[in-house]
Structure formats: structure tokens, C-alpha cells
Amino acid sequence: MPGAEPHIDYSPSLGDTVKTTTCYMCACRCGIKVHLKDGRVRYIEGNPDHPVNKGVLCGKGSAGIMTQYAPARLRAPLLRVGERGAGEFKEISWAEALDIATGWLSKVRAEDPRKLAFFTGRDQSQSLTGFWAAQFGTPNFAAHGGFCSVNMAAGGLYTIGGSFWEFGEPDWELCKYLLMFGVAEDHDSNPIKIGIGKMKARGAKFVSVNPVRTGYSAVADEWVGIRPGTDGLFALALVHELLRTEQVDTAFLARYTNAPWLVVRNPGGADDGLFARDADGKPLAWDRSRGAIPAATADLSAVLAGDYTLPDGRTAVPVFQLLAERYMAPDYAPEAVAATCGIPAVRIKRIAAEIADVAFNQAITLNQPWTDVYGRRHETMVGRPVAFHAMRGISAHSNGFHSCRALHLVQMLLGAVDTPGSWRYKSPFPRPIPPGPPPAGKTSAPNTPIPGNLLAFPQGPDDLLVNEDGSPIRIDKAFSWEAPLGLHGMMHTVIANAGAEDPYSIDTLFMFMANMAWNSAMNPGEVIRILTEKKANGEYRIPHVIYSDAYFSETVPYADLILPDTTYLERWDAISILDRPIGSAHGPGDSIRQPVIEPDRDVRAFQTVLIDLGARLGLPAFTKPDGTPRFRDYADYIANHERTPGVGPLAGFRGPEGDKKGVGEPNPNQLQRYIENGCFWQHKIPHDQSYFKHANAAYLKDSKAMGLIPNENQIVMQIWSEPLQKFRLAAQGHGPKQPPEHLRARVAKYCDPLPIWYTPLEQQMHDTTGFPLSAITQRPMHMYHSWGSMNAWLRQITGSNKLYLARERGLAQGLVDDDWVWVSSRNGRLKCQVKLMEGVNPDTVWTWNAIGKRAGAWMLTPDSPEATKGFLLNHVISEWLPAQEGFRSANADPVTGQAAWYDLRVDVQKCAADEVPLTAPHWDTLTPPPDMPPAPDMLRYTVGEKA
Amino acid sequence: MKPAGSIVFFTVASGAGYGLLFWLGLLGAGGLIGGDGLFVLTVIGLALVLITAGLCSSLLHLGNASRAWRALSQWRSSWLSREGVAAILTYIPAIGSALCVLTGAYGWAVLLALVAALCSLATVYCTSMIYASLKPIKEWAHPLVPAGYVILSLFSGAALLATLMALAGEDPSVPALQALVFGGLGAGLKWQYWRSIDTARPLATLGTATGLGRIGTTRPLDPPHTQSNYIMREMGFRVARKHALSLRRITLWAGLALPALLAALSLVIAGPLAALLLLVATLLALAGLLLERWLMFAEATHTVTLFYRGT
Amino acid sequence: MTCLPELVPGQKKLGLVIDLDTCVGCQSCATNCKEWNTSGMSAPLPDFNAYSAGAEGVWFNRVHSYEAGEGAAGKTVHFPRSCLHCENAACVTVCPTGASYKRAEDGIVLVDADKCIGCQLCAWACAYGAREFDEDEGVMKKCTLCVDRIYNENIPEAQRQPACVNSCPTGARHFGDLGDPDSKVSQLVAARGGFELMPEMDYKPVNRYLPPRAHVVPEQGKPVEDAPTPMDIKSSLLRFMDKVLTR
């Protein structure tokens, strides 16, 4: 009857089952609760008990249902039957697929294991994949870190023993001033959001240094619209100002950094720039009354400046003197850097004064006693409540390693590392500097595992993976003189190097979850050319390509064998303590994924397939002595694999009773215990271990006991980096291992033991006058690279992208919103639409990352806006620096090999009126693999009563 | 606002039907309708056909036409409900009047036709108030809108009646005069209305819609979704200014002034030619009203577009 | 029924308070709303052309972004927009069938889909674009303030909030009784100068928005200035030499 309010069911059921697991809609690793009804996903929500996200869930995680049920999911193993790129496949059984893969791989392993390049993209199981590669015997392994974060990892790990990215965090509860540089949104995404919310509620000041005012920068109290690639110079100007105004925490520097360590001053000598050490190799400092004594002396009364004569007659100066000499020079004065950075000097000075004021005049004192490594009890913890945070805006430049070090230097001068209110380490950091042994892989032999970690930490030239002539051992040239600290490998160079057979050819390219024929490549067109290139004998340049992905991405048509992966809700996973666990400043933690729904396709989890292949190939760690498989599947491996006795993929619930942390025998019920605990494990450290972890005796002791660090020694932060100086000395002609001539000057210049700033390499090496604009990308908060466009909800939010440019500049060029423009660089040109905006550095253009899609991919119809209006900036980026005399080097940081995506310079010109309004380059339409069901026109997704 | 064809046709057709009923009732009461019972029945029949066709057309606009009966329930608050009630009620005296004609109860027929005339007027007024009560659309929530709907309904009804009378060989001069008067009134009113909406201040700005005006000029950066949506297709329709101005001119001259002029001419020319003139006038008027109603939508702006376009 | 309920003293007015100073535009509120409600009381929330051009769907919550002011002195603001549950809800009074109604007990504006004829007049009447038409089913849908969550006894008490509030990572969304001046949300509105959207409509929205905080307007300094002389620097370095540091 009209007029009566309808009956409302106020308490509908959320389903018949709820299971916890870990999100994978980006790299944040939030805990989720998945509500199911009749085996279908009803609702995904944040797990309130989870340490990472505490119940909240971002725009991506909340759209997980549409990723789970996307029509682009691959259905069965596929074997290429046409030419590469033609998209002609046939479905095969898993038995066939595994036989084929085993056939190719066993031949490579028996002949020359280096001919396998195993690169695993956005892999969250690197402790397995890296181990598998070493067991296989190839040094050619990495995930995607080389084109993502390695500048930050290397910059941090070689400086403060921890790093930004997701490995450290501002003290969200106590920080009074946050200076954030170019933070991307797909790592630590919810913790940062939660933290910013808390900070803002408290009224703390948040300053964002970013060429673009979107996302986090939008809520900053102050936005500093810096020119891309100049953050390091800005940071060094802050250093200059802090030194000039003498607002430096000298006590912190003397206690916790190598500022007082003595550096030998012997220009031209083989020991120049190395630390003065005693007979036991301990670094020395100059004590006011006792002269040169080990720096690690409890009652050291150190000097920070002056020239001193060592007992052996050599001259040495404290590190602090070297840094003060350098950064007090006029080159780093705010006035000198203002034009380059696009920030007025008065503003740089004000920001320097503000951070100094907060650090020194608004210090925090916690009444929390603690004991330092010298056994001295401190009654309080004094904090400098200025926090720094940085990610991709620093990382994606060829000067990013040094820029990152420059930021850490500012932190150290302020005494704002792991103190109340400042930036804090997240477990398992801090770790020794550098954290571990050098990279393995100097030699490889048929059917022989390589002992050790393939991706590890060189301390000097002896640790590089180079041949006698200085040429690279690895296909990607990581850990060579081109990228001595290439800690994460260089996935962005693998295909190009293999295509050029430089340093050698490969037989099999094995990839996982990396869209290398599209948005993951610096230059997708070149990757496609190489993958389809044939040698004179008709064989492909790269004879075999195996690819594992869950979805029909742009890379699928370029592989020979497709191993279809499960979705994140269909598999086991370990967010492993051996890799990138979910620890926080409050203590270590790790987590798992458990399958919450059964796959409805003939797919298998990549990690389980890898373990199966390991057994088929007879890799020792994956095979029992009798030759049978050691592990049933990935879940079995997670619970029972031991890397060293008592240490496995998961740190929680170890030992037969499940009561051991970090170290303990495998526990057959470990996964069950994790599930009972919400699929995570967390150890909360006591309050007296919360800060000063690098010198906190109780913290270091407990951490060692849990196997997180190898010893209990103080972790002394390294302002002056001796490993870098060693590389430089080699370049200057010292020692048995020296760089090849064409790299000598480059190594000498860029392996500077103190942070430096230089114009990004690409911009130094070509005439940029025709390309006045810096061009960068930003991550939309609701998309994780390309994995959002097959999601029916997320693609509605951003289905196409435009090029954003400063309104004034655009109007001056006669541009209005939605005009089509040509964007040209030294590498080519692309066509897209523009959008004018206020909040962007006037010399910068930008767009959203990875929105443009190749027509037909991801089961989107070719008329989809992703393919007709969306575009990738990648098409005008080059993977190579401008050609140099006789050789070409990667468009990357010269120290770490990090891909320099953001060094791009472009010009923007309006399209002629008669040009077709269609994105360019516009590639041929891809055809889906066989038997993919057509994507529905309309979705009426619902679970429950109305289903 | 996106012109909804079904609604445009509905208000024009039923408007003409109600106008016809109105004049039949009013002039009948004044003894000014000549002709026999068959003529009256024809007029009532045509009016009801137009009304019914319009109402049926309006059902096409509904997502769930089978429940349309529910629309009669909320007459206390909803103009649409009132319109529905009034529209249904109008059938009763109209059909009653026709039955009285058939049964020869002419007195009753005249009385019931008068009631139908009042119901018709009420229905058209209700229709107009559906639009006039929508605050977010300043071109609709305008004092001239109800007057416009009523006058134009009376105009088209008068033109129709005059044509029918002329065709039936009756003297059409009374309704023709009304067509002239209301055509002229309608033209003046539309001219005044357009002038008014052209100069009207916006109801709100993006600054007040978002509250961000306090910071400075507010401009959209990114839309919530990069493709369109129901709201924008429905409310975001815009007709080009140049296009709208020429359509206005056509409406004004060809749809209102010219038919009025033809009606005036018919007053001085008798016979079949007058019938032809009136027929042409009526067809022009109906076509003009379709255009006028299309423009009512096309030129209407909704505050929600502020959120998307900033204007 | 489509007459608005009479206000009583202490009338409960459930609604949202959205903090524009904190919202980073992550779309959590939009997609979490979508996933909750596509299987909730208004189920489903359809998507048309889901994998082709013209993709669009029914969403109860949409997040815009705006720029206010010019250059570095301006501000980028993310702006979630959903039903404001107006006191003077024209979308209710225009409804011819009684499908749209405003609840007397808590002020939530709902649509009874079984009564809706899909005339869409409520969408025309809403100044804020909060009505969402399911063109497949032919009925109007809208934000229910998660009436099937906020009283749901199958949900832990702390999470008995609208999905958008529960999921919001920055804590930019608050839910409560804006009719109670002592409630947390009312106090937040009072403390932060919360405002209503388009007050000139006189729809009296219940939801409130908190303005972005005043922020630093950067100095308009000249890009190139005089650098310090080497002498200034040397004297400063000498002073550091005199510092003696004891651990």
C-alpha cells in the first residue's frame, strides 16, 4: 500500500564464510577480511586487527572483487602456435606445459645456466624466486626493483642502515613537521594515509616537495612545486643553511654517525679518502686528549674538524670537516640553487629555519629510560620531531642515489633518525651498513647452484660481478662498473641487452608479472621489436620466452609459453621475513595469503609451479635425495623450507610448539597458526627499544636473537661512504680491479663518498633547448600500474589520461583543455590530450602512470578509451642514454642502475586541426588467447539474496 | 537538460488536448460553439486522443511503467502526482459530457464540459508546476514557466478548435481570436522569458557548490570518472548558443507569431481558405511548440553540472 | 509519505562529515561503497559497457578533484560527493509514488525500489546529483547511509558505520548524529567551521564538509639572489672546530 515505509532488513548476513588474507591490489600488503557467500565474494574489508592497515582499505583494495572476476583472467596454459606477437596460441595441459618448460630449462642448465634470464617483475616472493635462480645456477635474476626503488634502497642502506619507501616511516604519533618528497602511492599506501590523517588531526605541519600537487601533496600545508630531478640540490641547500646557521645536532653526529671518523687525506694515494683504521681495522676518531683512538670508544671526546697527523705520519681529517667544507661552499647556497630548483632562496631559507626550529626548539623528551651499546643508561629519549619521507620522485632520476643520500644527510644533521617524532626504521631495519655479504654469481657452471644471494651488497671493486676485462657478468649489467650498487638488478635493461647480445645472448627469458611489452618497459616499442626479432637462421633472437601472469596483458602475445597464475585470492603466499616483511617501527612482522576461493580455471599459483619446475629440474633444494619433489606446493615450502637452520620464510609461530620467534624449527602447523591469527604475525617490541635502534643495546640484542641482524654492534650511520670511495679510487687507477676506460671518468665522478648533485645524465648528454619541459608520471591512488584497467570499477574512475600542464604556459601556447597535442622527446613523439592546471611546476608536464592500454589487451574492446585516448609516456622515453663514443649505457643512475624514468625532457605542440583525435602511437589490436569468454556488456554483480 | 522526446511530445499533445477541452467547455458554456452533437463529440474525441497519446508517451519516460498507477498516491506533496490525478479526473467530466451529448442531455453536457475545462486548466498548471518547482534548474523554476505552459496550451487548443470549427463549416472567429490573443501572449511571454533567463544570475557557483570559493576561483581538475554517467547525460546536455538562438527565432516567428497572424487573417477571410489558414496555423503552432518544449529542456541548466564542469 | 517527516525537538539527523583538509582522493569511499552496496539492500549496482567504451555505472559516491586559487598559493582539493540526506529533501517531495522517503527516526533518505516507477523526477530535483538511476532495472537508487550496516547486528559494533567511513584510510569521513549538538560530529563541525553545500538551495543538507585549513602562501621571492661570500663560510667552519663533543 502506498504510504507505508517498506520493511528493511537491518541485519542482513554478510555471507556464509569470512576468511582473512593479505591484499595484493598494490604493494602495500594490507590485511583483509573476505566475506563469501556460496563461494562468491560478497565483500572485502580491511582487517581491524592488522598492523598494516588497522581496518581501513584503499580504493584499490575495495575493488578487489572486480579484479577477482575480471574477464581478462587467463584460463589455461598456452603454447604459441603462430609468430610472436600474432597472439596465436593453443591451450595445452599443465603436464605438457611443464614438460616443455623443463625441456628448455634443463638444456640451458646443462649447457650454460647464464642463458636463463629469470626476471620476476612485481614479485612478492623474491626470497623464493631469487633462491630458485641461484639453485638453477644463473646469476641473471632480479625483480622489478631496478626500475622502481633501488636508488632509495641503496641510498638508505649504505647511509643509515635503513631506508625510506616502505622500510621506514615518520613517527606519525609525535612528528611535528613532515617534509615529504615525491612519495608514490602504491607502497605503504594505507599506513601513510592513516599517518597523514593522524598528523593533520593533531595540527602538525606537512610540507610536500613535489612537482605536482595531487594526492598527498594536495593535503599538505605547504606545497613546494620543485623542478623534477633537483630535490638533491634542494636538500643540499638545506644542509648549507643548517651549517651556515650552525643548527646541527653535533652530539647526535658524534654518537651515531661517522662524522668524527678520520679520513685519510692523501691526494693521489691509494688510501686517499679511506678511513684511518687501527691494526684491527677499527675506524679511528680524534679524541681531544688521547689523539687517534677507535671511534667506538665509549668515552670518546671527539673533534669534528681540523687536520690531524696519524701515528703513522699520514694526515687525516674528520668526516664532518669534509662535509662542512663541501656544503658550506657557495655552490650550495640557497641563492645559488634557487633558479635550478625553481624555489626562491628566501623560501629555502625559511624551510631550513623551520625544520631547525622544530628540531632544536621543539624537541620532544620522553621519560623512557634506555641503554645504549656502550652500556650507558639514558633516563630519557630526546627526539627531533622533524620527519622526512621520500620515494619515487627521488628514486626515478639518474641522480636519485645521491639525492636520497642528501636527504639522509639532512636527517643526520638534524639528529632526526629514529628519535621520537622523527623518521623511524621499520623492522627488520636498521641493519649493518651494508647489510650483508656481497652478491653471488661471480662464477656459474652447468648443473650447479650458485651459493649465496644473487642480489646483495658490494663493499668495493672486489665484490663486483665483472670479468677480468671489467665487462659485466650479468645480462642486465648490475654490479658492473655501469651500476656498481645495482642491488635490485636492472630488469629494464635485460631485453635490450639480450637483443644486442651484450654482454652475451640468452636462450630463455622467464618472466613473471611484469608487463615488459608495455608499461613496464622504458621503451615498449623497442622491447616488442627485440622480442619479435629473428636471427639470420630464422630463430628468434631470444629463442624461448616463458611468461607467467594471471591476466591477458600486453606481454602475453610475445611469449612462447604462458603459465597462467592464480589471482591473489586463490593462492598461498608469504610476505616473508626473508624478503620485504610487514614490520613496523613497533616491531617485526610478516604475513601470508591463503586461498579464499577455488580457481574456476585451469590455473596454478606461479610459486607452486616454480617449485614443481625446481623438482623436475633436479635443483638440490627442491628435490629429496631420492630425486622426488621436496615440497608439495608453495604452502609446503613456506612452512618447511629452511634457508639456514631455524630460519625460514616466516618468522612467526616457529618451533614444534609454535612458540618461537624468528629462529626455530619448522612448525607443521605454522600456516594454521597464521590463519588463526588473521594471516599475520607481529612481535611488539618493548618501549625501551622503540627509538635509537641503531645504538639501542636491548633492541640490537633481541633483533640478533630473532635472526634479523647478524651481530649486536652499533650501526654507525655513514655520512662518508667508504665503499663509494673504493670504487672511486679504482677509477683513479688504484687496485687490481679497475673500471674499463670508457667508464673510468664516470665512476670517478659519480662514486663520490659524499652526496653530490648533478644534472640528470640524460639532460647533460643531449641538447635540451628544444625540449624545455620535464615530463613525469604520477600514480593514481586507485590504480596499481596496469592492473586496474581490467577491473570494471577502477577503469571507470580512470579510463584515459591526459597530459597536465601549467595553465599559464598552456594558455600562452593557445591550448585549452582537451586539445590534442604532440609530445616530442629525443626518442620520438606521442599524441594525447592536454589538461591545464595550477598545481604543477611551470616547467613540468605530467600524466597518470600506466593508464594507456594497447587495443584489445586486458579483454577491453578496441574502442575503449584506454586505447583511444589513454597513452603511455614510455613511448617517448629511451632505455639508453644518448649515444656515447662507441658504447651506450642504460638511461639509469650511474651508481645503482635505477631506471631514470623521470629525467625525460619534452616539447609540447598543438596538433593540426585536421589530425585524427586518436592517441599515437596506436598499435595494432591484440587478439585474445583462445577460449577466453567474451567480456559482458553489462555487469550486475551481486552476491546474496538478489543474486 | 537532455530533451526527453516522450515528455516533449506529451506536454505538446496533451497541452493541445487540454487546451481544446478548455475552449470547448468555456465557449460551450457561453453558447459560442455551433455545430451539432457529432461536432462536439469529435472535439471531445480529438482532445481525449491527444491527451491519451500524450499520457501514453509520458509512460515511455518511466523506467517501470507497469507501476505507473502508484504515481497517483502522493498528491499532497508531488506536482507529478497531482498532474496524474488531475489528468485522470479530467477524463470523467470529458467522457461524461460526451455521454450526455449522446443521450441528448445537452444541459448536463455543457456543465460537464465546463468542469472538464477547469480540470484541463488544472492539469496543465500541475504539469507546469512539475518544472517550476525544481529549484536546481533556474530556467524551469521561473515565474513565467507556469504561465507559459497554460498560455501555450490555450493557444494550441484555440487554434485546434478554430480549425475544427472552420472545417465543420462553423464560424471559427471566436476561437481564432483566442488563438490570435494567446499566440501573441505566448510570443511575448517567451520573448520575455528568454530575455530573463539570458540575464539571470546563476543559482550557485562551483565556489558555493563545493564551499571552496573561500579559497579562490575554483576549477574542476579531474572528474570522478573519466567517461560520462547518467547524471551528466541527463542534466549535462547543452545546446550551442548559436543553435539555440536560431531555434528560438523559428519558434517565435514560425511557431507563434505566424500562426497568430494566420488566425488573424482567418478572421477577415471566410470560407474554405480560412479553414486552410487555420489548419496551417495549427500545424505550425504544434510544430513550434514541439520546438519550444525541446528548447525548454535543451536550454535548462542544472546545478549538478557545476560539480562536473564548473559552470 | 513523500511529505517530509515533522521535525521533533532533538531530531536525530544521521549524516556524514567529510574533511576536505584530509581527503587525499584515494577513492576508497567510492569503491568500498560500491562493493558493499552492489550486494546490499539496493543490489545490484550495475555497470554498463563494463569492458568497452562508454563504461559507466551506478555509484553512490563519487570523488571529484578541484583546484581553488591560483598557482602555488592555490589548493588541490579532493571532493567526495554523495547524498547529503537533506532536511528539506526535494527529491522526496517530488516523488509521485512514495518510493522516495525520509525516515522520521534518523533522517535517512531512502528509495523503496518496489514502488519506484523510474520517472527520475527526484534526480532532476536533487541539486547535488546524488540520485543514481539503474537504467537496466528502471528504478532510482541512492546512498542509503548504509542503513543495512549501521544497525547490523552481524557486524561488530565498531564497524557499524557506512562502508565509506569504515574504509577511509585518512579518517577524512565521520558519521554520526548531526541533530545532537553534543555528538562528536557536531562538535567537529563547530570546531572546524563545517559548512553545507549550496546553502542557497535551502535544501538544508545534513552532511557537512570541513574546509581545508589555511595554508602557507609561499614567498614571492626573486629566483636569483646574492650568494654568500667565501669569507662568511670560512668563519662559520672555524667555529665548528672549537666544538668538543663528548658522548
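Residues numbered from 1 in each chain as written. Chains lettered and ligands numbered in written order. Predicted model: local features only at pLDDT ≥ 70, side-chain atom pairs only at ≥ 80, totals over all residues.

**Student:** How would you explain the interface of chain B and chain C if you had to name every residue and give the values?
**Tutor:** Interface size is often expressed as the accessible area that is lost when the parts come together. Between chain B and chain C, the contact holds 50 residues from the first and 53 residues from the second. Listing elements by their share of the side of chain B that touches chain C, those giving two or more residues are α3 (79-103), α7 (206-210), β1 (218-222), α8 (230-235) and α11 (304-309) of chain B. Here the side of chain B that touches chain C takes five residues from β1(B), the largest share from any one element. Residue classes in the side of chain B that touches chain C are distributed as 21 nonpolar, 21 polar and eight charged. Two elements, β1(B) and strand β4 (residues 62-68) of chain C, share four bridges in a ladder whose sense is antiparallel. In the sheet register, P220(B) faces β4(C), and the bridge partner there is Y66(C). (Contact = placed C-beta atoms within 7 Å. Helix = DSSP H or I, 4+ residues; strand = E, 2+ residues; numbered from the N terminus. Nonpolar A, V, L, I, M, F, W, Y, C, P; charged D, E, K, R; others polar. Pairing = 2+ DSSP bridges.)

**Student:** Describe in detail the sheet that holds strand β32 (residues 820-825) of chain A, supporting the description with residues and values.
**Tutor:** Residue and element names in this part refer to chain A. Judged by pairing direction, the barrel is mixed, and its six strands sit side by side in the order β30-β34-β31-β33-β32-β35 before closing back on the first. When strand polarity is set aside, the average angle formed by the axes of neighbouring strands in this sheet is 45°. Looking at chain direction, strand β31 (residues 803-806) and strand β34 (residues 844-848) are connected through two bridges and run antiparallel. Residue pairing for β34: L805 is matched across the bridge by V845. (Axes fitted to C-alpha atoms, helices over the stretch in contact; angles between N-to-C directions.)

**Student:** Please give an account of the pairing of strand β33 (residues 828-837) of chain A that cites residues and values.
**Tutor:** All names here are of chain A. Burial runs high along β33: eight of the ten residues are buried. Bridge count for β32 against β33 is six bridges, and the pairing is antiparallel. Residue pairing across strands places V823 opposite L830, the latter belonging to β33. Counting the residues between successive antiparallel strands, the hairpin from β32 to β33 contains two residues. (Buried ≥ 20, exposed ≤ 12 C-beta atoms within 10 Å, placed from the backbone.)

**Student:** Give me helix α7 (residues 231-244) of chain A: which residues, what numbers.
**Tutor:** Residues and elements named next belong to chain A. With 14 residues, α7 should reach 20 Å at 1.5 Å per residue; the first-to-last C-alpha distance of 20 Å fits that figure. Of all 14 residues in α7, 14 are buried, a share of seventy percent or more. Positive phi appears at E246, one or two residues downstream of α7, with a value of about 55°. (Expected span 1.5 Å × (residues − 1).)

**Student:** Pulling in residues and values, what's your account of the nonpolar core?
**Tutor:** F234(A), V239(A), L24(B), A179(B) and L278(B) are the most contacted members of the largest nonpolar core, which totals 514 residues. The leading source of residues in this core is helix α5 (residues 144-167) of chain B, at 15 residues. Contact partners of V239(A), with chain neighbours within four places excluded, come to Y327(A), Y332(A), L409(A), V410(A) and L413(A). (Core = buried A, V, L, I, M, F, W, Y, C linked by C-beta atoms within 7 Å.)

**Student:** Explain the interface of chain A and chain C to me, using residue names and the numbers behind them.
**Tutor:** In this assembly, 101 residues from chain A lie in contact with 83 residues from chain C. The dominant element in the side of chain A that touches chain C, judged by the number of residues it contributes, is helix α5 (residues 189-202) of chain A, at seven residues. Looking at the side of chain A that touches chain C residue by residue, the classes come out as 55 nonpolar, 22 polar and 24 charged.

**Student:** Describe the packing of helix α1 (residues 5-29) of chain B against helix α2 (residues 37-60) of chain B, with residues and values.
**Tutor:** Between two packed helices, the angle of one axis relative to the other and the distance separating the axes together describe the packing. Residue and element names in this part refer to chain B. α2 packs onto α1 with a crossing angle of 155° between their chain directions and a minimal axis gap of 7 Å. Regarding the angle of α1 to α2, the classification is roughly antiparallel. When the axes of α1 and α2 are compared, the crossing they make is left-handed. (Parallel < 35°, antiparallel > 145°, perpendicular 65-115°, else oblique. Left-handed = near helix turned anticlockwise from the far one by under 90°.)

**Student:** Describe in detail the pairing of strand β14 (residues 291-294) of chain A, supporting the description with residues and values.
**Tutor:** Residues and elements named next belong to chain A. Here strand β13 (residues 284-287) runs beside β14; their pairing, made up of four bridges, is antiparallel. Within β14, the position partnered with W286 by the bridge is A292. Counting the residues that bridge the hairpin from β13 to β14 gives three residues.

**Student:** Tell me about the sheet that holds strand β10 (residues 205-209) of chain A, and please be specific about residues and values.
**Tutor:** Residue and element names in this part refer to chain A. Spatially, four strands are ordered β11-β10-β9-β22 in an open sheet, and the strand pairing comes out parallel. Two strands bound the open sheet, and with one partner strand each, they are β11 (222-224) and β22 (386-390). Across this sheet, the average inter-strand angle for adjacent strands is 15°, counted without regard to direction. As judged from the five bridges shared by strand β9 (residues 177-181) and β10, these two strands associate in the parallel manner. Its bridge partner being in β10, L179 is matched across the sheet by V207. Here helix α13 (residues 400-414) sits on the sheet in contact with β9 and β22, set at roughly 170° to β22.

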